[in-house]
Amino acid sequence: MRFSAALTRLALTVGVASAESAFSPARPPSIPLAVKSPYLNSWLNVGGEENGGYLAGGWPRFWAQQITGWTGFIRVDGVPYAWLGAAPGAALVNQTHFSYTSTRSTFILDAGGKVEMSVTFLSPVTANDLRRQCLTFSYLDVGVHSLDGVSHDVQLYADVSAEWASGDLGSIVQWDYDTADGVAYHQFARQEQVEIQEANQQASWGTWYWSTKDDEGLTWQSGFDTDVRGNFVWDGDLTNTKDTDFRPVNQNWPVFGFAKDLGVVNGRIISTIFSIGLTQDAAINLREEGGGFTTYSSLWKSYFHTGLEAMTFFYNDYDEASRIATDLDDKIAADSLAVAGQDYLTITSLSVRQTFGALQFTGTAEDPVVFLKEISSNSDIQTVDVIFPAVPLILYLNPQLVCYLLKPLFLNQENGHYPKRSAIHDLGIFPLAKGYPDGNDESMPVEESGNMIIMVLAYAQRTGNVDYLDAHYPILKQWADYLVDETLIPAHQLSTDDFAGMLANQTNLALKGIIALRAMSEIAELTGRAEDAASFGETARSYIDQWQDLGINNAADPPHTTLSYGDTSSHGLLYNLYANSLLGFDYDFVPKSVYDGQSDFYPTVALEHGVALDTRHTWIKTDWMMWAAAIASEDTRDTLIRLLARWISATTTNMAFTDLYDATTGDYPNTGLRFTARPAVGGHFALLGLPKQWPL
Ligand SMILES: *[C@@H]1O[C@H](CO)[C@@H](O)[C@H](O)[C@H]1NC(C)=O
Ligand SMILES: *[C@@H]1O[C@H](CO)[C@@H](O)[C@H](O)[C@H]1NC(C)=O
């Protein structure tokens with residue numbers, strides 16, 4: 001076969017690009033490509049065995065590390081080059097520059113010194129525009145222009161493989177090709193649809209769309225990867241034919257290709273837009289009223305009749321989506337720079353897509369419900385102490401989303417499906433929120449009770465929604481009553497940092513519960529319950545006085561809190577103090593001396609890559625470190641931010657932004673924990689989540 005012969009010959013020319021790329025503002029451990037939901041979550045690993053941040057030569061990977069086959073070739077005056085993926089068949093383009101913003105990853109690539117490509121992966125984040133936010137699609141924009149002042153004859157190729165559609169490579173996939181509303185698309189899906197189930201973290205249901213403009217000069221083909229790619233590499237176009245042999249993902253690997261003849265390319269940039277995405281009708285099952293499950297539909301169904309309509313809207317919306325994305329990029333850049341400078345922006349802008357990529361938007365336009373996947377730590381759904389660290393970003397972009405995220409937790413517990421007095425930890429394993437009717441969730445009673453009350457008040461303060469406080473008052477009071485009994489002297493238990501183990505009398509955990517009691521007093525006050533307000537308020541004040549005696553090592557210089565009461569050889573990040581500032585209580589409640597002591601102390605125990613979470617390990621939690629930074633003195637704040645920003649380029653971790661790493665090596669903890677792609681990085685927005693002005 002001539003294609004195979006062509007590939008064999010061309011394979012000899014495959015090599016590593018020799019030129020060096022610049023990386024701006026940093027070279028992250030993993031580069032977000034299409035990151036829009038727990039199932040549309042594709043990255044280019046940078047560190048370790050991978051390709052060092054070069055788009056050509058490495059495979060994009062799902063967060064759980066399966067390959068999401070994505071391939072790009074370009075032919076310039078008949079000479080093929082590879083610009084995306086690791087398929088053989090052509091020399092690799094030279095990458096000269098990479099940059100990222102909050103919503104975009106952009107690669108500048110040089111093909112033979114003749115044409116330059118600007119390849120942008122855009123995953124929109126529109127927290128205030130749910131019609132767009134709920135579309136689990138992402139854009140790829142490939143701009144091409146002449147580099148050497150000479151006109152060139154250029155054809156562009158891109159495909160995706162069936163690997164996107166199933167985490168089980170042995171499952172059969174079927175596909176089709178068509179056009180609609182000016183969009184040419186391949187659609188593909190598992191033949192056996194298994195709703196609300198996963199294989200290796202990938203969805204086992206739903207339909208994938210890979211699309212581009214239905215335009216002159218476009219050819220397409222589905223089929224065996226070496227045939228389809230070989231056709232392009234050899235001929236510069238495809239056969240406009242559909243492979244009808246539906247088969248498993250890994251059997252003669254089916255791919256879905258587009259080739260675009262760009263014709264004569266000169267100095268003007270010619271742009272070709274592609275989109276990749278998934279539509280699912282049903283999204284989540286939740287146990288709420290009664291004994292059975294309620295199925296939550298994907299939110300896009302509230303705005304569009306069919307998946308096809310959603311896809312063509314998304315594709316044709318590129319100009320507007322791109323403008324909105326630029327506004328968000330600019331806002332986050334301006335705010336991050338204003339509050340703490342470029343190092344801070346390096347961190348925040350890498351955290352936005354990752355946080356929103358863990359969210360699944362469901363329900364209806366009138367009553368949206370947002371589900372969160374904990375991702376790599378164990379894929380729990382609606383984990384309260386993973387929503388909690390992410391809440392600064394959510395509050396900063398749209399506080400209303402907090403209400404949509406907490407809704408499933410209230411539905412479950414207010415309908416009597418959880419037997420304990422304290423708040424639940426999570427609702428099960430994503431995407432099945434079956435809860436814990438027997439109360440056998442991971443037990444973090446003080447942690448989650450405190451988190452719920454703090455998040456509820458933070459939301460209400462920013463939206464003015466007192467009715468919400470009233471509606472949930474009984475269960476909030478139940479949790480607050482639990483904290484009255486259990487937070488000053490916390491029993492032997494886990495906090496959110498469960499990887500560090502159980503401990504009694506955790507100083508930082510106790511503080512959270514005490515701040516939550518102060519918050520409950522505020523909630524009672526706002527809802528006209530003067531007696532409760534006085535009682536929770538007095539308890540909170542009495543506890544905060546006692547807590548200072550129990551938890552602060554005053555003999556130390558500078559005085560600082562211990563990890564647990566009385567253990568003067570211990571210390572830890574007092575990140576829960578951030579909640580006191582988040583709710584605007586400030587020094588009226590926790591004295592300034594506590595803030596100052598911590599602020600002076602942290603730099604004295606800083607390690608190579610940051611200040612460790614506590615004295616049990618040399619581990620950094622990036623979210624909590626930024627929480628601590630947000631309320632520290634300017635010097636300490638800037639030190640913590642500088643260490644984390646520097647780590648982003650220095651780390652040898654190679655998967656999406658880990659929120660847990662070793663402070664001395666910068667690598668993953670030596671216990672094998674790999675906290676990758678988690679939404680906890682929303683906590684990096686701690687400085688921007690603090691109150692400015694709000695209605696309440
Ligand atoms: C990449 O750059 C090197 C060094 O300048 C050059 O020798 C090589 O031909 C370039 N490759 C491509 C595909 O442009
Ligand atoms: C916790 O702290 C209290 C107050 O200092 C003390 O009485 C109690 O023994 C401590 N509990 C444990 C398990 O150390």
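Quick caveat, the model's predicted, so the values are computed rather than measured.

This part covers the overall build of the chain. A tally of helices and strands in the chain yields 20 helices and 30 strands. Taking the principal axes of its C-alpha atoms as reference, the chain extends roughly 80 × 55 × 40 Å. Pairs at least 24 apart in sequence give 70% of the contacts found in the chain among residues at least 6 apart. Split by element, the accessible area of the chain, about 22800 Å² in all, is 47% carbon and sulfur.

Moving on to the site of ligand 2. The immediate surroundings of ligand 2 are formed by Ile489, Ala504, Asn505, Leu550 and Tyr565. For the shell around ligand 2, the class distribution of residues is 4 nonpolar, 1 polar and no charged.

With that out of the way, let us pick up the sheet that holds strand β23 (residues 293-297). Pairing within the open sheet is mixed, and its 3 strands lie in the order β23-β22-β26. Here the strands that pair on one side only, and so sit at the sheet edges, are β23 and β26 (432-433).

Before going further, it helps to examine a negative patch on the surface. On the surface, Asp77, Asp148, Asp153, Asp237 and Asp261 cluster together into a patch of negative charge. Secondary-structure assignment places aspartate 148 in the loop between β11 (137-146) and β12 (152-161). Look at aspartate 148 and you get partly exposed, because its relative accessible area is 35%.

Here we take up the sheet that holds strand β18 (residues 218-224). Overall, mixed pairing links the 6 strands, which are arranged β7-β6-β5-β12-β20-β18 in an open sheet. Two strands in the sheet have a free side with no partner beyond their single neighbour: β7 (91-92) and β18. Pairing of strand β6 (residues 79-84) with β7 involves 2 bridges; the strand directions are parallel. Counted as the bridge partner of tyrosine 81 is alanine 91 from β7.

We now examine the environment of arginine 287. Tracing the backbone through its elements, the reader meets arginine 287 in strand β22 (residues 282-287). Judged by its relative accessible area of 16%, arginine 287 is buried. Leaving out residues up to four positions away in the same chain, arginine 287 has contacts with Gly292, Phe293, Asn412, His417, Ala433, Lys434 and Pro437. A polar contact is formed between the side chain of arginine 287 and the backbone oxygen of lysine 434, at a distance of 2.8 Å.

Moving on, we come to the UniProt feature "domain: Glutaminase A N-terminal" (unreviewed entry) in the chain. The UniProt record marks residues 103-335 with the feature "domain: Glutaminase A N-terminal" (unreviewed entry), using the residue numbering of this structure. With 18% helix and 45% strand, residues 103-335 has its two end C-alpha atoms placed 15 Å apart.

Structurally, the position occupied by serine 123 is in the loop between β10 (115-122) and α2 (130-133). Since its relative accessible area comes to 0%, serine 123 is described here as buried. Looking at serine 123, its side chain comes within polar contact range of the main-chain nitrogen of valine 35, at 3.0 Å. At 2.8 Å, the side chain of serine 123 and the side chain of serine 138 are in polar contact.

Moving on to empty space enclosed by the protein. It is the rolling of a water-molecule-sized probe over the atoms that shows where space remains empty. Enumeration over the complete set of coordinates arrives at 6 cavities of 30 Å³ or more. Of the pockets and cavities examined, the largest cavity occupies roughly 130 Å³. Surrounding the largest cavity, 16 residues form its lining, Asn508, Leu563, Gly572, Leu573 and Asp614 being those nearest its centre. In terms of residue count, helix α13 (residues 507-526) provides more of the lining of the largest cavity than any other element does, 3 residues in total. Taken together, the residues that form the lining of the largest cavity break down as 6 nonpolar, 7 polar and 3 charged. When its volume is computed, the second largest cavity comes out at roughly 80 Å³. If you trace the second largest cavity, you find it lined by Lys36, Ser37, Gln133, Cys134, Thr136, Leu278, Gln280, Ser298, Trp300, Leu359, Gln360 and Phe361. By residue number, the principal contributor to the lining of the second largest cavity is strand β24 (residues 359-363), which donates 3 residues. Taken together, the residues that form the lining of the second largest cavity break down as 5 nonpolar, 6 polar and 1 charged.

Turning next to the packing of helix α8 (residues 384-397) against helix α18 (residues 622-630). In contact at an axis separation of 11 Å, α8 and α18 are set at 50° when each is read in the N-to-C sense. Taken together, the axes of α8 and α18 lie oblique to each other. Remark: the crossing between α8 and α18 carries left-handed chirality. Across the interface between the two elements, Phe388, Pro389 and Pro392 from α8 touch Asp623, Trp624 and Trp627 from α18.

A large share of β22 lies buried, amounting to 6 of its 6 residues. In this sheet, β23 lies alongside β22 in antiparallel orientation, the contact comprising 5 bridges. Its bridge partner being in β23, leucine 286 is matched across the sheet by threonine 294. Hairpin connection of β22 to β23: 5 residues between the antiparallel strands, including glycine 290 at a positive phi of 65°. Where β22 meets β26, 2 bridges bridge the pair, whose relative direction is parallel. The residue bridging leucine 286 from the neighbouring strand is alanine 433, located in β26.

Applying the stated criterion across every chain, the model contains 29 salt bridges. Residue aspartate 623 is joined to lysine 621 by a salt bridge in which the shortest nitrogen-to-oxygen separation is 3.2 Å. Accessibility expressed as a relative area gives 3% for lysine 621, which makes it buried. When salt bridges that share partners are traced, they join Glu374, Lys621, Asp623, Asp659 and Arg678 into one network.

Quick look at the nonpolar core now. By size, the foremost hydrophobic cluster in this structure holds 226 residues, and its most contacted members are Trp70, Ile74, Trp83, Trp210 and Trp547. Looking at which element gives the most residues to this core, the answer is α13, with 11 residues. Counting residues in each nonpolar core, the second largest holds 8 residues, with Val35, Phe62, Ala358 and Ala677 among its members.

The rules we used
- Residues numbered from 1 in each chain as written.
- Chains lettered and ligands numbered in written order.
- Predicted model: local features only at pLDDT ≥ 70, side-chain atom pairs only at ≥ 80, totals over all residues.
- Heavy atoms only, no water.
- Helix = DSSP H or I, 4+ residues; strand = E, 2+ residues; numbered from the N terminus.
- Contact = heavy atoms within 4.5 Å.
- Areas by Shrake-Rupley, 256 points an atom, 1.4 Å probe, with all protein chains shown as cover.
- Near = heavy atom within 4 Å.
- Nonpolar A, V, L, I, M, F, W, Y, C, P; charged D, E, K, R; others polar.
- Pairing = 2+ DSSP bridges.
- Patch = residues over 30% accessible without salt bridge, like charges linked within 9 Å, V, L, I, M, F, W, Y side chains within 5 Å.
- Salt bridge = Lys/Arg side-chain N within 4 Å of Asp/Glu carboxyl O.
- Lys, Arg positive; Asp, Glu negative; His and termini not counted.
- Charge placed at Lys NZ, Arg CZ, Asp CG, Glu CD.
- Buried < 20%, exposed > 50% of the residue type's maximum accessible area, 1.4 Å probe, protein only.
- Polar contact = N/O pair within 3.5 Å; in protein donor to acceptor, adjacent residues only side chain to side chain.
- UniProt positions renumbered as here; feature names shortened; annotations may be inferred.
- 1 Å grid on protein atoms, 1.4 Å probe; cavity = no way out; pocket = protein on both sides within 12 Å on 5 of 7 lines; lining within 4 Å.
- Points joined across faces, edges and corners; volume = space filled by probe spheres on them.
- Axes fitted to C-alpha atoms, helices over the stretch in contact; angles between N-to-C directions.
- Parallel < 35°, antiparallel > 145°, perpendicular 65-115°, else oblique.
- Left-handed = near helix turned anticlockwise from the far one by under 90°.
- Core = buried A, V, L, I, M, F, W, Y, C linked by side-chain atoms within 4.5 Å.

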